[in-house]
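Summary of structural features
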Amino acid sequence: MSTAGKVIKCKAAVLWEYKKPFSIEEVEVAPPKAYEVRIKIVATGICRSDDHVVSGNLHSPLPVILGHEAAGIVESIGEGVTTVKPGDKVIPLFIPQCGKCRICKHPESNFCMKADLRKYQGTLVDGTCRFTCRGKPIHHFLGTSTFSEYTVVDEISVAKIDAASPLEKVCLIGCGFSTGYGSAVNVGKVTRGSICAVFGLGGVGLSVVIGCKAAGAARIIGVDINKDKFAKAKELGATECINPQDYDKPINQVLYEMTDGGVDFSFEVIGRLDTMVSALLCCQDSHGVSVIVGVPPNAQSLSMNPMALLAGRTWKGALFGGYKSKDSVPKLVADFMAKKFPLEPLITNVSPFAKINEGFDLLRSGKSIRTVLTF
Ligand code: COD
Ligand code: ZN
Ligand code: ZN
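All of the points below concern the structure found in this document. (Residues numbered from 1 in each chain as written. Chains lettered and ligands numbered in written order. Predicted model: local features only at pLDDT ≥ 70, side-chain atom pairs only at ≥ 80, totals over all residues. Heavy atoms only, no water.)

Before going further, it helps to examine the overall build of the protein chain. The helix and strand tally for the protein chain stands at 11 helices and 17 strands. Relative to the compact-globule value of 21 Å for 375 residues, the protein chain shows a C-alpha radius of gyration of 21 Å, a close match. Overall size of the protein chain, expressed as C-alpha extent along the three principal axes, is 65 × 40 × 40 Å. Per-residue burial over the protein chain gives 55% buried out of 375 residues. Sequence separation of at least 24 residues holds for 70% of the intrachain contacts in the protein chain that already meet a minimum separation of 6. Approximately 15,800 Å² of the protein chain is accessible, and the part contributed by carbon and sulfur atoms is 54%. Computing the positive centroid from 43 side-chain charges and the negative centroid from 36, the protein chain places the two 3 Å apart. (Helix = DSSP H or I, 4+ residues; strand = E, 2+ residues; numbered from the N terminus. Rg over C-alpha atoms; globule rule 2.2 N^0.38 Å. Buried < 20%, exposed > 50% of the residue type's maximum accessible area, 1.4 Å probe, protein only. Contact = heavy atoms within 4.5 Å. Areas by Shrake-Rupley, 256 points an atom, 1.4 Å probe, with all protein chains shown as cover. Lys, Arg positive; Asp, Glu negative; His and termini not counted. Charge placed at Lys NZ, Arg CZ, Asp CG, Glu CD.)

Okay, here's the thing in structure tokens:
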């Protein structure tokens, strides 16, 4: 029996309070309104940013259904939707692409004006919610809310992907993989034969390594204080790995010396102010490009000597690897299907959705790279 046009009752992980576990609840998911899409989620990854909300580091109104790295199948569409239809495989987009705002029209930028990440309203674009639980409205998260069997998103926040794609793998293209890979190929624009340094070898840092390799970098130097991360980094393309704790001088100086005057491209994929400065200073002083990928702790800032930039270094950052989401996600999925890059090495754990709290414990303990929850 078709569920189109009806309220769907299903399971979702609701966060009622900060710093508390998720509670698996029965929620009601309203049908999509005009220009909205209801999706049956098949697989969702657990990303550090979801945990940043639980810990109170990233603002989101409560109660909320988190989750923003997923893949699923369209269940029904609202009036006026033309880019997806029921049965299509899709990836929800935590940064939408409306195609109409100044940012979407600019060739180089991707942080669409309609992104909830700009205002943390916790609603769809029309300012309302489609979830209720125990009679209360439940907020959306980044326009995606994928920790639910069914979710509703705006049409600008969903991309149709190859019908043959394995959803339990390509869900990573919804956030972590694309953020890292795009930072290398799209934001830094790593060049063939160049020398790169990647600070932080978690799932996102490893995706930067994959991007540097795909771009043809000659040397890719991984930097991490946990040497257990080195084997996988080397498997994915790092040519050398170093631990700052093994040296008695600043790591930027070590890198400067190892590379005869600095790397061509550096990436900070940890989210710390000190490593952002090290990453900037380890790059060549007249043409080096340093990309900030990690989000720094709330309300912290740096004081900088502008001389670090005066001779020609570039310091930049971007969200979601700088990708225009609705245009790029289907292409990234096609590239994965064409074996241009792997996703399997990033997935260390696959668990049923009901084990979501254990998945977050694994993330916090540093034992997992990515946990994928399946429904
Ligand atoms: N020096 C070197 N390495 C370090 C240091 C240090 N001082 N401290 C920690 N590390 C290493 C850790 O050992 C670990 O291997 C790595 O850094 C960090 O990895 P993870 O597994 O904790 O994190 P990732 O790779 O999943 O994500 C890292 C980000 C910084 C990208 C993430 O935390 C983040 O800020 N994400 C937000 C970026 C974004 O675009 N958000 C929007 C939606 S997600
Ligand atoms: Zn994420
Ligand atoms: Zn836009």
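Past the structure itself, the notes keep going.
A few words on a positive patch on the surface. A contiguous patch of positive charge, built from K100, K114, R118 and K119, is present on the exposed surface. Position of R118 among the secondary structure elements: in the loop between helix 2 (102-105) and strand 6 (131-133). Taking relative accessible area as the criterion, R118 reaches 36% and is therefore assigned partly exposed. (Patch = residues over 30% accessible without salt bridge, like charges linked within 9 Å, V, L, I, M, F, W, Y side chains within 5 Å. Salt bridge = Lys/Arg side-chain N within 4 Å of Asp/Glu carboxyl O.)

Around ligand 1 there are 27 residues in total, and R48, S49, V204, D224 and V295 lie nearest to it. In this structure, an oxygen atom belonging to ligand 1 sits 3.1 Å away from a main-chain N or O atom of G203. Contacts to ligand 1 include I225, whose backbone N or O atom sits 3.5 Å from a nitrogen atom. For the shell around ligand 1, the secondary structure elements donating two or more residues are helix 1 (48-54) and helix 5 (203-214). The element that contributes the greatest number of residues to the shell around ligand 1 is helix 5, accounting for 3 residues. Taken together, the residues that form the shell around ligand 1 break down as 11 nonpolar, 11 polar and 5 charged. (Near = heavy atom within 4 Å. Polar contact = N/O pair within 3.5 Å; in protein donor to acceptor, adjacent residues only side chain to side chain. Nonpolar A, V, L, I, M, F, W, Y, C, P; charged D, E, K, R; others polar.)

As enumerated under the stated definition, the model contains 10 aromatic pairs in all. Seen from their ring centres, F94 and F320 are 5.4 Å apart, and the 80° between their planes marks the pair as edge-to-face. With F94 in the loop between strand 5 (89-92) and helix 2 and F320 in the loop between strand 15 (314-317) and helix 10 (325-337), the pair connects residues that are 226 residues apart, well separated along the chain. By relative accessible area, F320 is classed as buried at 3%. An aromatic cluster is built from F177, Y181, F336 and F341, whose rings are joined through pairwise contacts. Just above the ring of F111 sits the side chain of R118; from NZ or CZ to the centre is 4.1 Å. (Phe/Tyr/Trp six-rings, centres within 6.5 Å; stacked < 30°, edge-to-face > 60°. Lys NZ or Arg CZ within 6 Å of the ring centre and 35° of its normal.)

This part covers the side chain of T146. You can see T146 is positioned in the loop between strand 7 (136-138) and strand 8 (150-154). Side chain to side chain, T146 and T44 meet in a polar contact 2.9 Å long. The contact partners of T146, leaving out residues within four places of it in the chain, are I41, T44, L66, G67, H68, E69, A70, P92 and F375.

A few words on the coordination of the zinc ion (ligand 2). Looking at the zinc ion (ligand 2), the protein donor atoms are C47 (SG), H68 (NE2) and C175 (SG), and they sit 2.0 to 2.3 Å from it. Relative to the metal, the 4 donor atoms surrounding the zinc ion (ligand 2) lie at angles of 95 to 123°, and the coordination shape comes out tetrahedral. Each donor residue of the zinc ion (ligand 2) belongs to the same chain, with the gaps between them written as C-x20-H-x106-C. Of the two residues, C47 sits in the loop between strand 3 (36-45) and helix 1 while H68 sits in the loop between helix 1 and strand 4 (70-77), which places them 21 residues apart along the sequence. (Donors = N, O, S within 2.8 Å, 3.2 Å for Na, K, Ca; no water. Tetrahedral: all angles 85-135°; square planar, octahedral: opposite > 155°, others 65-115°.)

Tetrahedral coordination by four donors places them ideally at 109.5 degrees to one another around the metal; octahedral coordination by six donors ideally gives 90 or 180 degrees. Looking at the metal site, the zinc ion (ligand 3) is ligated by C98 (SG), C101 (SG), C104 (SG) and C112 (SG), spaced 2.3 to 2.4 Å from it. Taken together, the 4 donor atoms surrounding the zinc ion (ligand 3) define angles of 105 to 118° at the centre, an arrangement classified as tetrahedral. Linear spacing of the donor residues for the zinc ion (ligand 3) on their chain is C-x2-C-x2-C-x7-C. Since its relative accessible area comes to 17%, C98 is described here as buried. For C101, a relative accessible area of 12% translates into the label buried.

A separate point is the sheet that holds strand 12 (residues 240-242). Sheets are built from strands that pair by backbone hydrogen bonding, the pairs being arranged parallel or antiparallel. Strands sit in the order 12-11-10-13-14-15 across an open sheet of 6 strands; the sheet is parallel. One side of each edge strand has no neighbouring strand; the edge strands of this open sheet are strand 12 and strand 15. Sheet twist, expressed as the mean angle between neighbouring strand axes with direction ignored, is 20°. Both strand 11 (residues 219-223) and strand 12 contribute to a ladder of 3 bridges, which runs parallel. Considered in strand 12, the bridge of I221 is made with E240. (Pairing = 2+ DSSP bridges. Axes fitted to C-alpha atoms, helices over the stretch in contact; angles between N-to-C directions.)

Our focus in this paragraph is the packing of helix 4 (residues 176-188) against helix 5. The interhelical angle for the contact between helix 4 and helix 5, taken along N-to-C directions, is 40°, at an axis separation of 7 Å. With respect to helix 5, the element helix 4 is oriented oblique. Note that helix 4 runs across helix 5; the crossing there is right-handed. For the pair helix 4 and helix 5, the contacting residues are G176, F177, T179, G180, Y181, A184 and V185 in the first and V204, S207, V208, I210, G211, C212 and A214 in the second. Looking at the contact of helix 4 with helix 5 residue by residue, the classes come out as 9 nonpolar, 5 polar and no charged. (Parallel < 35°, antiparallel > 145°, perpendicular 65-115°, else oblique. Left-handed = near helix turned anticlockwise from the far one by under 90°.)

To continue, consider the sheet that holds strand 7. Read across the sheet, 4 strands follow the order 1-2-6-7 without closing on themselves; strand pairing throughout is antiparallel. Looking at the sheet topology across the chains shown, the edges are occupied by strand 1 (8-14) and strand 7. When strand polarity is set aside, the average angle formed by the axes of neighbouring strands in this sheet is 45°. Pairing between strand 1 and strand 2 (residues 23-29): 7 bridges, direction antiparallel. Opposite C10, over in strand 2, you have V27 as the bridge partner.

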